[in-house]
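Fold and contact review
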Amino acid sequence: MKRIAVLTSGGDAPGMNAAIRAATLIGRAAGADILGIERGYKGLLEDALVPLAPGDVQGILREGGTILGSARCKEFHHREVRDKARENLSKREVDGLIVIGGNGSLTGALHLANPDEIGSGRPLKVIGIPASIDNDLAYSGLSIGVDTAMNTIVEACDKIADTATAHDRTFIIEVMGRDCGYLAMTSAIAVGADLALFPEAGKSEDKIVDQIVNTILAIRKRQSKRARRVLIIKAEGVAVPVERMKTLVDAKLRERTPDAEPSTIETRVTVLGHVVRGGRPSALDRLIGSRLANVAVRALLKGQTHKMAAWMSQVEVPATVGARSPFDPHVWLVDLQAVLAETENLIAGKSPLARWRAGAFEEIEDALLQ
Ligand code: F6P
């Protein structure tokens, strides 16, 4: 393994730079050339590959985003586009590729290194590193960026809680996460929210509205004014748009409390949006990014391929799917194809982990309302 290329793809995540830096330093120390591919698969198609030396990655550890840039590349679904990408890698004599990104990006990696597609072309080994604030990849405890995103949400919600308490108000706060409710669930716990709405619960619009209204009315009966503010965290993946949710909830509140002055019961909404994806990476994201990249490079150097380096899986990893890496006891090397198949189940709310997350949350809902 003489030459390794690294790319970041899909939604950026704080901590990607830590992975780029570690891949460069570890790879170079082992005698390999490291190339950075700019703007993900788009840059690969445009032959935008640049050599990376230790001096290029100095100080990037603390920066959010990714120094290589990122992009979504829908064209990569087409075989002839991947052929072009392989041609560019081959021209640069790249033997190994590290893809840092979410499930779409890792699917691209799997196809790119598919021996059936490569045929008699230059062999390519590939290792994925999960990076997405959504934490929607199977067999991975935490993807790069999740911890920073959670901290950003907690900071924002603590601020909203101040004004909510002062005005005795209800806030519905929408957080990113695409189809996965992980960020909404975990940040609701960390914030001390009164309700979390996530797609895995599979609730209808009517049920969601009733649940919000019941929560608000139960909380508003409390004696202490300080305990009467209501914080509801809504995952982006819950299909009801937040403005529609507000309209329906406000109407039902007026119906159920006809004597209340409408302005005193009206809800407020805040969509945190892309704010959640930015900012300096937390210490944990720097650590996870660095350690995953260390394992990814060492695995490539040992000739491994079609694997993902995963930070402490949350579920038992079947022996057929992967094992603890010999390079770091907290990092597993799991079969990339198996990861992507199980990720589909996770996103559809069908995997054991998704069911456990949803079930565990429903069990604590009543406790929150006491
Ligand atoms: O996958 C990361 C993510 O931030 C999701 O949470 C969100 O749904 C999506 O990307 C937004 O994508 P874009 O930045 O392309 O609008």
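Residues numbered from 1 in each chain as written. Predicted model: local features only at pLDDT ≥ 70, side-chain atom pairs only at ≥ 80, totals over all residues. Heavy atoms only, no water.

To find leftover empty space, one rolls a probe the size of a water molecule over the atoms. A complete count under the given rule lists one cavity of 30 Å³ or more for this structure. By volume, the largest cavity amounts to about 40 Å³. What lines the largest cavity is simply Asp250, Leu253, Arg254, Pro262, Ile265 and Glu266. The set of elements that each furnish at least two residues to the lining of the largest cavity consists of helix H10 (242-256) and helix H11 (262-265). (1 Å grid on protein atoms, 1.4 Å probe; cavity = no way out; pocket = protein on both sides within 12 Å on 5 of 7 lines; lining within 4 Å. Points joined across faces, edges and corners; volume = space filled by probe spheres on them. Helix = DSSP H or I, 4+ residues; strand = E, 2+ residues; numbered from the N terminus.)

Attention now moves to the site of the ligand. Within the structure, the ligand sits among Arg72, Ile133, Asp134, Met176, Gly177, Arg178, Glu236, His274 and Arg277. Here the ligand has 400 Å² of accessible area as a free molecule, and 76% of this is covered by the chains. In a pocket analysis with a 2 Å cut-off to the grid points, the ligand is assigned to the largest pocket. Split by residue class, the shell around the ligand holds two nonpolar, two polar and five charged. (Near = heavy atom within 4 Å. Areas by Shrake-Rupley, 256 points an atom, 1.4 Å probe, with all protein chains shown as cover. Sits in = over half its atoms within 2 Å of the grid points. Nonpolar A, V, L, I, M, F, W, Y, C, P; charged D, E, K, R; others polar.)

This part covers the pairing of strand E8 (residues 230-235). With six of its six residues buried, E8 lies for the most part within the structure. Side chains of E8 alternate between two faces, with Val230, Ile232 and Lys234 and Leu231, Ile233 and Ala235 buried alike. Direction of pairing for strand E6 (residues 170-175) relative to E8: parallel, over a ladder of six bridges. Counted as the bridge partner of Glu174 is Lys234 from E8. Crossover handedness for the path strand E7 (residues 195-197) to helix H9 (residues 205-220) to E8: right-handed. (Buried < 20%, exposed > 50% of the residue type's maximum accessible area, 1.4 Å probe, protein only. Pairing = 2+ DSSP bridges. Right-handed = clockwise from strand over helix to strand, strands pointing away.)

The subject of this paragraph is the sheet that holds E8. Read across the sheet, four strands follow the order E7-E8-E6-E9 without closing on themselves; strand pairing throughout is parallel. Of all the strands in the sheet, just E7 and strand E9 (267-271) have a single pairing partner and so form its edges. This sheet shows a mean twist of 20° between the axes of neighbouring strands, independent of strand direction. Set on the sheet, helix H7 (residues 146-167) makes contact with E6, E8 and E9; between it and E6 the angle comes to about 165°. Together, E6, E7, E8 and E9 form the strand contacts of H9, whose direction differs from that of E7 by roughly 170°. (Axes fitted to C-alpha atoms, helices over the stretch in contact; angles between N-to-C directions. Contact = heavy atoms within 4.5 Å.)

It is worth spelling out the layout of surface pockets at this point. In this model, the largest pocket occupies a volume close to 720 Å³. Taken together, 30 residues make up the lining of the largest pocket; nearest its centre are Gly10, Arg72, Gly104, Ser105 and Arg178. Here the lining of the largest pocket takes six residues from helix H5 (residues 103-112), the largest share from any one element. Of the residues belonging to the lining of the largest pocket, the class tally is seven nonpolar, 14 polar and nine charged.

Turning next to the pattern of salt bridges. Taken as a whole and assessed by the stated rule, the structure comprises 26 salt bridges. With its nearest N and O atoms 3.1 Å apart, the salt bridge here joins Arg79 to Asp83. Linking Arg79 with Asp83, this pair stays in helix H4 (residues 79-91), spanning four residues, or about one helical turn. On the accessibility criterion, Arg79 (37% relative accessible area) is partly exposed. With a relative accessible area of 31%, Asp83 lands in the partly exposed category. Across the pair Arg268 and Glu266 runs a salt bridge whose closest N-O atoms are separated by 3.1 Å. On the basis of relative accessible area, Arg268 is assigned to the partly exposed category, the value being 27%. Several salt bridges share partner residues, and in doing so they unite Arg79, Arg82, Asp83, Arg86 and Glu117 into one network. (Salt bridge = Lys/Arg side-chain N within 4 Å of Asp/Glu carboxyl O.)

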